[in-house]
Each structure stands twice: as structure tokens, then as C-alpha cells.
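Topology and contacts: notes
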Amino acid sequence: MEGKAETMIRRDARNSGWWGTIILITALSGFYVLTGYAVREKRADAGEWLDPDNFARISRNLCQRHEFSEIPGRPTVSRGPAYPGALALPCLATGGDPVRFAPVVNGICHMATLGILCLHPLLWRRRVRHLALLFVGLDPLLLNYAGRTYLEPMLILTVGATIIGIDRLARIPNASNMAILGVAWGLSLLVKPILLYLGLFLVPCMFLFRRRCTKYSLGASLLALVIIAPWSIRNMGVAGQFIPVSSGSWEIVLKGDTFSEAIFKKDGIIALEEMAMDRLSEIDRQYGIQDLPEENREPYYRK
């Protein structure tokens, strides 16, 4: 039954106006980039607001000094390499300030995200596809990232590609889909390692519900680890500790856990932030993480 439904969707997709989809994606992406530059011009004097997480600093040092650091001469392990590296590429080519290229880099990621949405069979029908593209393309939260050095547009792209990869592997278990999932997953980890423990759930779930996919999901997990391995080795040399990708990611998890646990107990966002910082300080003392230099800590939680 599932095969017949997919065949019908494929047949419908042949006459679904893909040129219209390409035009829509291009228009939405152009609007996204223009929004980013409009925001930049309006807040051009607000350097900290445009670069809240210091990605432009890292990209600037990467471009000018060929070192991955916020402070020259002091390499950092607080961030994954993918987003600062993407910002540094146009800087290397033109010599411009990386923060100026954020709308373009984010816009390319946004365009690619809209593109991969169309890969799922549920969106092969024109009306459904165009409606989904409009919802995602004009999402106010995503537009908020457009002009600032936030890694979220790249993270949304790579996590979306990972989800598409899981779906493809579950439907058609083969080596090529295994490679697609492994590469997408590995790249998402280099952006921000929020999917680091996905393998602990993916492999058992595939074994239980799609047994033919078990070996391929295990292979995708290993491929993702191989992709991040060079950066893990680099971090070991810099910090003397095993840090798979970056040191700051788990602190954001702690913040989310604090918010969800105490959202009805604390009065306002400031109280929740203070509670998260107190919990972080306690865990730092317990595990000795406070020994890391300040630049290797999540900027928002530096004291």
C-alpha cells in the first residue's frame, strides 16, 4: 500500500510545476538576504548585538591570523568550526569584515533548507510544497537570524538534512543513503553538536522497527564520528581534555533544562537566567570545568 501511494505521489510530481518552486525559493531567499542587510544597516553601531556569540571574532582571527580563536594567540574550543569557517571564506577572498557576510552565508543556508524540504515525498505535490515553503521561508524567528552572526540557519539546514537522511535510509536502506545520513549528521555536529547522542537512539530504533537498516544506521553513526574526529583531536591538543566538538554546547542544554523545570517557579526571564548560571557554576566546581580558560566557555555564562 505504501509503495502504491508513493508511486502516485511520484506520478503527480512530474507535473507539479518545479520551475515555479525554484522561482519561489529564489524569491524567499532573496527576501531573507535583503532583510538581513536591512537589519545590519539599522543596527550597524551595535557590534555586540550583531555578533552576540563572537563568531565574527573567531572568523576574523581565522582569516587574518589563521588561528581558531576569539583572542589572538589563545585558541578556543568553545565553538564548532563549520559556521566560523563559512564566515571566514568570503573574508579570505575579499578581505572584508566577516560580520558583513552574515546575511549572505545565512541566506545560502536558508535557500538550501528550503531546497531540501522539497526532497521529501510528502512535499512533491505542488500546493503542499509551496505552502510549506511559504511557512518556513517567512518564519519571523528565522528572519530574526538573517543579519546577525547566528549559527542557527546553518544548524537548521544540517539538522534538516539529517532528518531527511534518516527518512531516506528507513525507506530505502542502502550504502548511498547511509553515506548521505552520515555526512549530513557529521556536518551538523561540526556546526553544533546537539545530535551527538543520536546514535544511541537511532540504531536501537532501526533494529526494532526497520531491522534491515540496522547495519546501515550503525555505518552512518561511524561515518559521522569519522567526520568530527580531526576536530576532536585538535581540541585535545588545545585543551588537554576530550571535547568532541565544542565545550559550550552542553551549557545550552543545561539552560533549556533549567527553563523547562522552573518556568512556573521563577518570575521572569532574568530569574531563570540567574538560576541557570548558578546551576552551571555548581557543575563547573563539581567537575573542574572552571579550569578551562574563559574564552572556552559559553559567552553568555562567563562571569
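Residues numbered from 1 in each chain as written. Predicted model: local features only at pLDDT ≥ 70, side-chain atom pairs only at ≥ 80, totals over all residues. Heavy atoms only, no water.

Re the overall build of the protein
When helices and strands are counted, the protein shows 14 helices and two strands. Out of the 303 residues belonging to the protein, those deemed buried represent 47%. Residue pairs at least 24 apart in sequence account for 67% of intrachain contacts in the protein once pairs closer than 6 positions are excluded. About 16200 Å² of surface is accessible on the protein, with carbon and sulfur atoms providing 65% of the total. (Helix = DSSP H or I, 4+ residues; strand = E, 2+ residues; numbered from the N terminus. Buried < 20%, exposed > 50% of the residue type's maximum accessible area, 1.4 Å probe, protein only. Contact = heavy atoms within 4.5 Å. Areas by Shrake-Rupley, 256 points an atom, 1.4 Å probe, with all protein chains shown as cover.)

Side note on the packing of helix H9 (residues 152–171) against helix H11 (residues 198–209)
The geometry of H9 relative to H11 is characterised by a closest axis approach of 12 Å and an angle of 20° between their N-to-C directions. Overall, the two elements H9 and H11 adopt an arrangement that is roughly parallel. For the pair H9 and H11, the crossing hand works out as right-handed. For the pair formed by H9 and H11, the contact residues are Thr 162, Ile 166, Leu 169 and Ala 170 on the first element and Leu 198, Leu 202 and Met 206 on the second. Here the contact of H9 with H11 is composed, by residue class, of six nonpolar, one polar and no charged. (Axes fitted to C-alpha atoms, helices over the stretch in contact; angles between N-to-C directions. Parallel < 35°, antiparallel > 145°, perpendicular 65-115°, else oblique. Left-handed = near helix turned anticlockwise from the far one by under 90°. Nonpolar A, V, L, I, M, F, W, Y, C, P; charged D, E, K, R; others polar.)

So, the state of the cysteines
Evaluated as defined, the whole model comprises one disulfide. At a sulfur-sulfur separation of 2.5 Å, the disulfide partner of Cys 63 is Cys 91. Between Cys 63 and Cys 91, the disulfide has an S-S torsion of -90° and is therefore left-handed. One end of the pair, Cys 63, is in helix H4 (residues 55–64); the other, Cys 91, is in helix H5 (residues 82–94), and 28 residues separate them in sequence. Residue classification places Cys 63 among the buried residues on the basis of a relative accessible area of 11%. (Disulfide = S-S within 2.5 Å.)

Concerning the side chain of Asn 235
Residue placement: Asn 235 occurs in helix H12 (residues 214–239). There is a polar contact of 2.9 Å between the side chain of Asn 235 and the backbone oxygen of Val 245. Those residues within four positions of Asn 235 in sequence are excluded, and the remaining contacts are Val 77, Gly 240, Gln 241, Ile 243, Pro 244, Val 245 and Ser 246. (Polar contact = N/O pair within 3.5 Å; in protein donor to acceptor, adjacent residues only side chain to side chain.)

Focus on the nonpolar core
The biggest cluster of nonpolar side chains holds 33 residues, and the ones touching the most others in it are Tyr 83, Trp 185 and Leu 189. Every element with two or more residues in this core is listed here: H4, H5, helix H6 (102–117), H9, helix H10 (175–191), H11 and H12. In terms of residues, this core owes the most to one element, H9, which gives six residues. Ignoring any residue separated from it by four or fewer positions in sequence, one finds Trp 185 in contact with Thr 162, Leu 195, Leu 198, Gly 199, Leu 202, Ala 220, Ser 221 and Ala 224. (Core = buried A, V, L, I, M, F, W, Y, C linked by side-chain atoms within 4.5 Å.)

Quick word on the packing of aromatic side chains
Enumeration over the complete set of coordinates arrives at three aromatic pairs. Aromatic side chains Phe 55 and Tyr 83 sit 5.3 Å apart centroid to centroid with 85° between the ring planes, which places their arrangement in the edge-to-face category. On the criterion of sequence distance, the pair formed by Phe 55 in helix H4 and Tyr 83 in helix H5 is long-range, its members being 28 residues apart. Relative to Tyr 150, the ring of Tyr 145 has its centre 5.3 Å away and its plane inclined at 70°; by these criteria the two rings are edge-to-face. As far as burial versus exposure is concerned, Tyr 145 and Tyr 150 are alike and both buried. (Phe/Tyr/Trp six-rings, centres within 6.5 Å; stacked < 30°, edge-to-face > 60°.)

A closer look at empty space enclosed by the protein
Counted under the stated rule, the structure contains two cavities of 30 Å³ or more. Estimates place the volume of the second largest cavity at around 50 Å³. In this structure, the second largest cavity is lined by Tyr 32, Cys 109, His 110, Thr 113, Leu 142, Tyr 145, Pro 153 and Ile 156. Those elements that place two or more of their residues in the lining of the second largest cavity are H6 and H9. With three residues, H6 is the single largest residue contributor to the lining of the second largest cavity. For the lining of the second largest cavity, the class distribution of residues is six nonpolar, two polar and no charged. (1 Å grid on protein atoms, 1.4 Å probe; cavity = no way out; pocket = protein on both sides within 12 Å on 5 of 7 lines; lining within 4 Å. Points joined across faces, edges and corners; volume = space filled by probe spheres on them.)

So, unusual backbone geometry
In this structure, Asn 54 takes a positive phi of about 65° despite not being glycine. Along the chain, the position of Asn 54 falls in the loop between helix H3 (47–50) and H4. Non-glycine residue His 66 carries a positive phi angle of around 60°. Relative accessible area serves as the criterion here: at 62%, His 66 is assigned to the exposed category.

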